[in-house]
Amino acid sequence: MPDMSASVSLAMTHLVPLAKEVDENKVTPGVLGFIVFAAMAVAVWALMKSMNKHMGKVDFNEPTGPDETSGKGAPASAPSTAPTTGKPSSAT
């Protein structure tokens, strides 16, 4: 494999004059910095939207009294899978 140090030093000698044109007191992130920041903002927005959708699917019913739980903190009966409508059942 050929020695790469000669080509690297040649490339550096061509880049040095370009680097001297940049004002050392004024350094900005530029277009690449904006693109990275915008991509991160879009990713955070998408994650928050997804989290909001998943949190909307959560159906958590907290027990309200000691009669609904056994002594060890587990539910006394198996939770029903039917959605609650807020109306008392009329089955007797």
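Scroll up to find the structure this text is about.
What counts, and at which threshold
- Residues numbered from 1 in each chain as written.
- Predicted model: local features only at pLDDT ≥ 70, side-chain atom pairs only at ≥ 80, totals over all residues.
- Heavy atoms only, no water.
- Helix = DSSP H or I, 4+ residues; strand = E, 2+ residues; numbered from the N terminus.
- Buried < 20%, exposed > 50% of the residue type's maximum accessible area, 1.4 Å probe, protein only.
- Areas by Shrake-Rupley, 256 points an atom, 1.4 Å probe, with all protein chains shown as cover.
- Expected span 1.5 Å × (residues − 1).
- Patch = residues over 30% accessible without salt bridge, like charges linked within 9 Å, V, L, I, M, F, W, Y side chains within 5 Å.
- Salt bridge = Lys/Arg side-chain N within 4 Å of Asp/Glu carboxyl O.

(A) Here's a closer look at the overall build of the protein chain. Secondary structure summary: the protein chain contains two helices and zero strands in total. Here the protein chain holds 92 residues, and the buried ones make up 1% of them. When the accessible area of the protein chain is evaluated, it comes to approximately 9,200 Å², of which 66% is carbon and sulfur surface.

(B) Examining helix H2 (residues 30-56) more closely. Counted at 1.5 Å a residue, the expected span for H2 with its 27 residues is 39 Å, and the 39 Å between its end C-alpha atoms agrees. Counted residue by residue, H2 has zero buried out of 27 residues, so it is predominantly exposed.

(C) Examining a nonpolar patch on the surface more closely. A cluster of nonpolar side chains, namely Met51, Met55, Val58 and Phe60, defines an oily patch on the protein surface of about 480 Å² accessible area. Relative to the assigned elements, Val58 resides in the segment after H2.

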